[in-house]
Every structure is written in C-alpha cells, then in structure tokens.
Amino acid sequence: MLTFLEETLNSINKNHVDISPLTIILPSKRAGGFLLNYLKRDSSKTSFAPTIISIEEFIEELSGLKIINSTELLFKSYKAYINTPSKQEKDEFDVYSSWANTLLNDFNEIDRHLIPPDPFFNYLSSIQDINHWYLKSEKTKLIENYLAFWDSLQDFYDTLFESLSKDNLGYQGMVYREAAKNIEHYNVNNAKKKHVFIGFNALNNAEQTIIQELLETGNAEIYWDTDVHFYNDKKHSASYFIRKYASEWKFFKNQAPKFVSNNFNNEKKFTIVEAQKNIGQAKFIGQYLSNLSQNTLNKTAIILADENLLQPVLQSLPSNIDSLNITMGVSLKSFPTITFFELLLFLHINPGKEFYYKNILAILNHPLASKLLSNTKEIINSISKENITHISYSRLLKLNQNKETEILQLLFGNWENKSENALSSCLKILLHLKTIKKASKLDRVVYYNLFSVFQNIEKLNTKFEYLKTVKTVQNLFTELISTTTLDFKGDAYNGLQIMGVLESRVLDFENIIIASVNEGTFPSGKSNASFITYDLKNQFGLPTYTEKDAIYTYHFYRLLHRAKNITLLYNNFSDGLNTGEKSRFISQLEIENIPNHTIQKSIINPTISISESKLKTVNKTVDVINRLKEIANYGFSPSALTSYLRNPIEFYYQKILKINEFKEVEETVAANTLGTIVHDTLETFYKPFENNFLTIDILLKMQQEIEKEVTTQFKKTFKEGSFSKGKNLLIFEVAKRFVFNFINYEISELKKGNQIKILKIESKLVAEIPIKELDFPIKIRGIVDRVDEYNGILRIIDYKTGLVKQADLNIVDWEDLTTDTKYSKIIQILAYTKMIYNEYPFNNAEAGIISFKNLNNGFLKFTKREKQRGGDTQSLVSKEILEEYSEQLQKLILEIFNPEIPFTEKEV
C-alpha cells in the first residue's frame, strides 16, 4: 500500500529535479516528520532536504508575529480589557477569566476568516440591543451595563490588537490576518521560492487568500488528499470543501486539482463492534491486537475519537506489543498528585482561623500526604477520637506533637487568601516532593510538570499582578491543568500507532481501529461556546455546525481511503450525555453498501459469571474456644448475646477478633450518643438519692439543673463537636426535653400518691450461670440503668431513648427467645433481673423499659402470655420465670461454645 504522502512525494520528485529548494507545508508537524522519514528511507544518495514546516510555522513567518500561548493571552487580554474605555463596570480577573476564552475564540474566528471588524461588531451590538428590549423608557443599570459591554467590544478588540502587536505577538486568528495582509509583500521578496501545500481540507479565508495568491503567481502547487468516490458525489460532505475550492478559485478554472485518488472503492473489510462503555472498547482492542503479528502491528493505527480512552487502552495492551508510538499526551489532570493540590487550594479558598474537618481529612487521606508527613494516621485518629469538626493550624501542630512544622505550615498555615502565598506554598511543597528518594520516575515527571505550571502562574502574576486571591489561583490552575499533557516517547514511525483524530491527518495505515464512533463524539455535534449568533455567522460567512460536521466527515472518510481492514467501535451504553447512539458515519457505510466492501457486525457483551453467594462460616478452633472462655470468665454482656443472635459472624468479628467499626468524626449527634447523654444526665441527677425515697421537691430541683447538666454531658460525650446551631442544637433541645418529660412523669406519679424508692443507679452487675455440660465458669455481666421500689414492688428498669412498644416485651413461647431477634430487649432486661436475683433473691419483681419516645405509656413491663387466646398473662418476674429464662440462656451459651456449630453469617 502506497500512502498519500508516498504518492505525493513520488509526484514531487517527478516534477522537480532538485527538491531541496522547496518549502513543503503540511497541516501538522507530525505529518512533516512522516514525510521526512519517507524522504530518508527512499533516498539513494546524500542530499539536502527541502524545508518542511507546518501551516502555523509558515503563517508566523508571513506575519512576523509569534503565536502567544493561551495563558499569557488571558493575562494580556485582561490588561487590554481594563485599559479599554467603557461605561460598563469592569469585572475582576477571576470573573473575566470565566468568559474571556469564549470571546477570544470568537476573535480568532473573525480574524481567521478576515471578517471586517467594524461592521461585524456594530451588527453584534445591535442584535444584543434587540434581544434585550425593554418596555420602560429608562434602562435599568443592569441592562445599561450589559449593552455597554457589547458596545465596547470593538474598542477591546482594537486595544488588544495594538497591545499584542507592540510585542510582536498575536493570538492565532490575529497572526493569520496579518499573514494574509503580508502575502503580496512576501511574494515579491520570495519570487523564486516554490511552495508545496499537502493534505489540506477546510481552509479559513486567510489560508485561502495566501494559497490562492501563491498559486496564481506560479510559486506554489497543492496536493489534495481526497478520493474520486467523494469528489464526484456532489452531496457528500467528505469532499465539500475541496469541491468548493475547485469551483470558486480562479486557479482551478484552467487546471484540475491534484491529487484525486481512487482508493475508497477497493476491497475493504469493515468490522462494526458494539461495546459497553469505554472499558468494553478497550478490552476488545486488547484482545484484537493480541492476535496480530508484528508485521501487521507495524501497519496498524488506533484512532481515539474520545481521548479519555487512552488510559484504558494502554492498560489493555497485550504482551505481544513490542513497539508502540503514542502521539497523544496523557492529561496531567488524570494523576493523583493534581487531586492533592486541587484539594489544598480548595481548603484555603475561604480564609479563617479553623478548617472544616472533612477538607482536612481529604488531604490527610491522600497518598501524597503520607509522603510529606509521617504521622497522618495518628492525626486522623486524633481528629476522630476527639470529634473535632473544625480544627485550627495550631491544633494540628499539637496533634502532630509539634513535628514537621515546616510542612504543616505550608499545608495548613494561614495563606491570608493571597495568591503569592498560595503559589509559594505549592512550589515549596513540590520542591520537598522532589527530594523524596522513593518517588517513581513517573511521579518525578508529574512533579516537574506541575512545578512548571505553578512557576508559570507565578511569573505571570509577578508581571501582571491580577491574581489577588487563592480562588483566582485555583481557577487558573484548573484551566492550565486541563490543557497540560505528559508526552510519551517512542519510535514515531514503527510499531503500533495510537493517536487522536487530528493527529491522523494525511497519514495512512493498512489496518485502522477507530474507537468511540458515537454520535456526539465523532462527529462531536453542535457547540454553543460562542457569543456569535447563528444568523450573524451566516451573514458574515463564518463556519457553522454544518461546516464543522463536514470537517469531521472528511477526517473519518479520509482514514478509510487506503485502509484494508477497518474496525469501528462504538459505546452502546446510555449514560448521562452519552446516548449510546452509533455515529451517522457507521449508518452511512451500512446504507451505501459498496460492492467491494464487506461489513461484519458484532456485539461485545461482558462475560458475567453469576456465582451463588455463600454465607461466611468460621469454624470454632481451639484458639476461638479459648477466647470464648476468656469472655465467659469475665462475663457475657446482654448486648454480646443479642449480637450473636442477630448475626454470629458479627459476634465473631467484634468479640473474638476484637474488630470494631472505625470511629469517624460525629458531625451530627448520633442516636447512641444522644442515649449516652440522657443516661449520664439521669445518673448524675438520681445517683445521690440511692436508698432514698423521691420527693417532688427533689425532682423540681433536678428540673432547674437540666440545661446546665445536659450541656455538661454534651461536652463530655460529644467532645469538641458543636451543638450551638443546626441539627445538633435541635438534638440538644430534644435531650433536654427527654429529661424534662421524664422528671415530669416521675412528679405526676408522686402526685398520684405513689411511692418511689431509688435502690441502684447505673449499677454494675455480675452473675454466674452454672452449666453442667461445661467444666469452666460462665458469667454474665452488665450495667443496669435503674433499680427501684414502686409502692414496695421491686422494679428493674432500662432506659431507651428510642421507641419501644409493649409488644416488644411480650413473649408467648420461651423457645422463641433465642431464635428471634425481636426478643432481644427481653433477653437484656431479664439478664439484669437474673443478676440482681443472684445477688438479692426476691419473690417477685417487675422488669421493663421506660421509652422516652413512648413516655405516655409509662413503665413497659416484661409480660409472659399464654398460647391460648384469652389466657393468663404474667408481668411479675418470679423464680419460675427466671428458671425458664436461664434454661434458654444456657441453650444459647452451649450453642456458642459448641465446636460442631460454626459461626455462620445470617442474611440481614
């Protein structure tokens, strides 16, 4: 297969005895590299090469201006904006930068297409005036300011032009306009220089003016990369531009365009692959390449219409890829280091004495933080343990034991919302990272490029001083990172090629794989990123989405001209903006049905193996049994027993392995924290009155202390969490209300003539449970909230801040006690009763719960109901009841110790 560049080179050699004086101009530097490589390969003797340059380099030569980079243009354009006389109020730099790029792109379009600025801007200003008509005779200040902006665009444009011209700089469109102005002068001074334009398609007006001028003076020739199949089809947009030039340019009135090939109708094999998501496409590409020989791989190119596919494709490459060239760069934004600095800048946007803990933890949990600080885990644990929701720099120093103060100062010191402090800190952090010996080569490359980005911002800020706050630095940093890439090094002309659509211009490959051939990606669809209306573009001959579609169509079909094996992949998964629709280009290929073209279709579905989920089981080894004996000797708590009933594997993790859930910062008071606060408040109030009868006076005095005591308990339990506003303030009021209502309930009971004597408050209990099948002691242990006498009847009471109903404390069949978790509250209160009975035997007692969310129903008693309807109920706990309970408790403990019964996970 002869490529377009090889065919063109053969033609040039035939037409010129010596090609060294020629200036060959191509769409890109990469295309120039390939042309030079073909020249070297085919040269049989040493000779001088022609001048091979890209169109941008040629335009810069013609104009005498250097194309300015986008970042410096943003700063210089802002200076021009500030210096432009206007009635409107001028935006700050951070606001300006949010809309400036759109306007500068419009300036580019205007200049590239040689649109006269005066009538254009007048027209645009008039359109905006009409769009924002008003009924009142007086315009509001907002509308006046808005219209003043559009009226001043011409002045802004002129000021920017003058400012850049003084420094021999220009944005791309401006350079093109100047080049078109200078072409006659250039022709006179370079009358004998021959120019060859190769592989162009959609030319702006400036390029058309320049090329036509050179063609008509006989100083140039042009080679088009098109195919007769499209050229002769007057409706096909793949040759829209070339047909247009052939019919409109004076030069082509007497001369046919070169070089219209006839390759598309040759034999070709198309494979259209429907895959799910980017990863599906990447995996298919990897499998496809694994079956190719090295010779075939040397003739293969992967074209990525969506550049986000690069990383997945690289990760999916098979082991038979020996040589690889990647023309696309990896976006710097895709590296974790960038995320770290984004988090750091975000942290300092709103200056203050304290930082929100989530922002601190986001930085400390980042892998980069552990390279900068040795104690990140300890600091994180301390923040969680002490429940610090807002933390100062000085507090962070203390948590880090005043170590590594320099790094902590850079990370969390007060930047005073100044851009220079932000840039200085970021640069110093990067310098520190560079000194880390264990950093990988890739990490070092990322640090270097990131350092260059911050250094560039610092230099521009020193020169222009427009970055005043951390926010402006963050905005500019985000913009620069999105356009900065890390370039790969490889053999540019051998092996597998991976490139974007634009990099493929004028290049040909025998085997083509194009990924993401989706509607909205290839072609990209309509874009509204312009201040210029559709009607205005039509009026002045600027390209609209119709012309942009024709450009994509050309790029797509040009890739197919000389290829023999074409694989087209598209993502069929509908997600967000991606509709999962295949590109119209695929549909066109299917409809055209050209005789020599074979089309195969396949759908790649991920292989899904559904394996039956098995519940986890853990056998009770000797070590496990020994650990259970340790627990039994100390005492099983009622919560441990109910934990086993709820899920044995959870009991295994928590009690045997001692694995507890990671304690996080409690930003909003949790239900268990509220329970602890209420319990501790009541303990403080009632503990002094153990073995005493309650009186109304005692209870009224307690009520007076509620606010103070609840506040004390909040500070003790919620630690440094704030409860002065928001949800926590509401929960604080709920805690006070719970205590107040409970004491009121107690007062009402006394007013009815009832007597209440407090016996125990938050009392630690323990009891041994003799089990004849086990030859070691078994104990149960717990803390009962309250034991009292109510009119002489012993009561064992457990407080619950959650909702408990009487039904939760009723049981019919004792066999259900250890098989159904709904009886967990009965297990708990009878465990306390059993422990008290072992210490102080009694004839009858009441055991139950006081639910603060069900206080109207008072003391909810444990009740044993008979099976038959209308049968007796028993709410007094007797010796017989405790014996029945103990029997079930023994069964449960025997099951826990049974080595034949593993800990088995329950489906929750």
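Residues numbered from 1 in each chain as written. Predicted model: local features only at pLDDT ≥ 70, side-chain atom pairs only at ≥ 80, totals over all residues. Heavy atoms only, no water.

A. Quick peek at the sheet that holds strand E8 (residues 268-275). Here seven strands make up an open sheet; going across it, the order is E10-E15-E9-E16-E17-E8-E18 and the pairing parallel. Of all strands in the sheet, those with a lone pairing partner are strand E10 (324-326) and strand E18 (597-604), marking the two edges. Here the average twist between neighbouring strands, direction ignored, is 15°. Pairing analysis gives seven bridges linking E8 to strand E17 (residues 565-571), with the strands arranged parallel. Within E17, the position partnered with Lys269 by the bridge is Asn565. (Pairing = 2+ DSSP bridges. Helix = DSSP H or I, 4+ residues; strand = E, 2+ residues; numbered from the N terminus. Axes fitted to C-alpha atoms, helices over the stretch in contact; angles between N-to-C directions.)

B. Structural detail: the packing of helix H5 (residues 93-112) against helix H8 (residues 153-166). Close contact between H5 and H8 brings their axes to 12 Å; oriented N to C, the two are set at 80°. By the angle class used here, H5 and H8 are roughly perpendicular. Contacts between H5 and H8 pair Tyr96, Leu103, Leu104, Phe107 and Asp111 from the former with Leu153, Phe156, Tyr157 and Leu160 from the latter. (Parallel < 35°, antiparallel > 145°, perpendicular 65-115°, else oblique. Contact = heavy atoms within 4.5 Å.)

C. Just a negative patch on the surface, in detail. Side chains of Glu880, Glu883, Glu884 and Glu887 sit close together on the surface and give a patch of like negative charge. Along the chain, Glu887 turns up in helix H36 (residues 879-897). (Patch = residues over 30% accessible without salt bridge, like charges linked within 9 Å, V, L, I, M, F, W, Y side chains within 5 Å. Areas by Shrake-Rupley, 256 points an atom, 1.4 Å probe, with all protein chains shown as cover. Salt bridge = Lys/Arg side-chain N within 4 Å of Asp/Glu carboxyl O. Lys, Arg positive; Asp, Glu negative; His and termini not counted. Charge placed at Lys NZ, Arg CZ, Asp CG, Glu CD.)

D. Quick peek at the pairing of E17. Here E17 lies mainly inside the structure; six of its seven residues are buried. Bridging between strand E16 (residues 511-515) and E17 involves four bridges; their strand directions are parallel. Bridging from a neighbouring strand, Ile512 pairs with Ile566 of E17. (Buried < 20%, exposed > 50% of the residue type's maximum accessible area, 1.4 Å probe, protein only.)

E. Inspection of helix H10 (residues 205-216) at higher detail. The end-to-end C-alpha distance of H10 is 16 Å, a good match for the 16 Å that 12 residues give at a rise of 1.5 Å each. Listing the buried residues of H10 in full gives Ala206, Glu207, Gln208, Ile210, Ile211, Gln212, Leu214 and Leu215. Turning to H10, the residues buried within the fold contact helix H3 (55-63), H5, helix H9 (172-189), strand E5 (195-198), strand E6 (220-227) and helix H12 (240-248). Its side-chain oxygen at 3.1 Å from the backbone nitrogen of Ala206, Asn204 defines the N-terminal cap of H10. One or two steps after H10, the chain reaches Gly218, where phi turns positive at roughly 80°. (Expected span 1.5 Å × (residues − 1). Polar contact = N/O pair within 3.5 Å; in protein donor to acceptor, adjacent residues only side chain to side chain.)

F. Highlighting the environment of Leu641. Mapping Leu641 onto the fold places it in helix H29 (residues 638-646). With a relative accessible area of 1%, Leu641 lands in the buried category. Residues Leu641 and Pro351, spaced 290 residues apart in sequence, show a C-alpha to C-alpha distance of 51 Å.

G. Molecular detail of the sheet that holds strand E27 (residues 863-865). Spatially, E24-E27-E28 is the arrangement adopted by the three strands of the open sheet, whose pairing is mixed. One side of each edge strand has no neighbouring strand; the edge strands of this open sheet are strand E24 (810-811) and strand E28 (873-874). Pairing between E27 and E28: two bridges, direction antiparallel. Following the sheet pairing, Arg865 is matched in E28 by Thr873.

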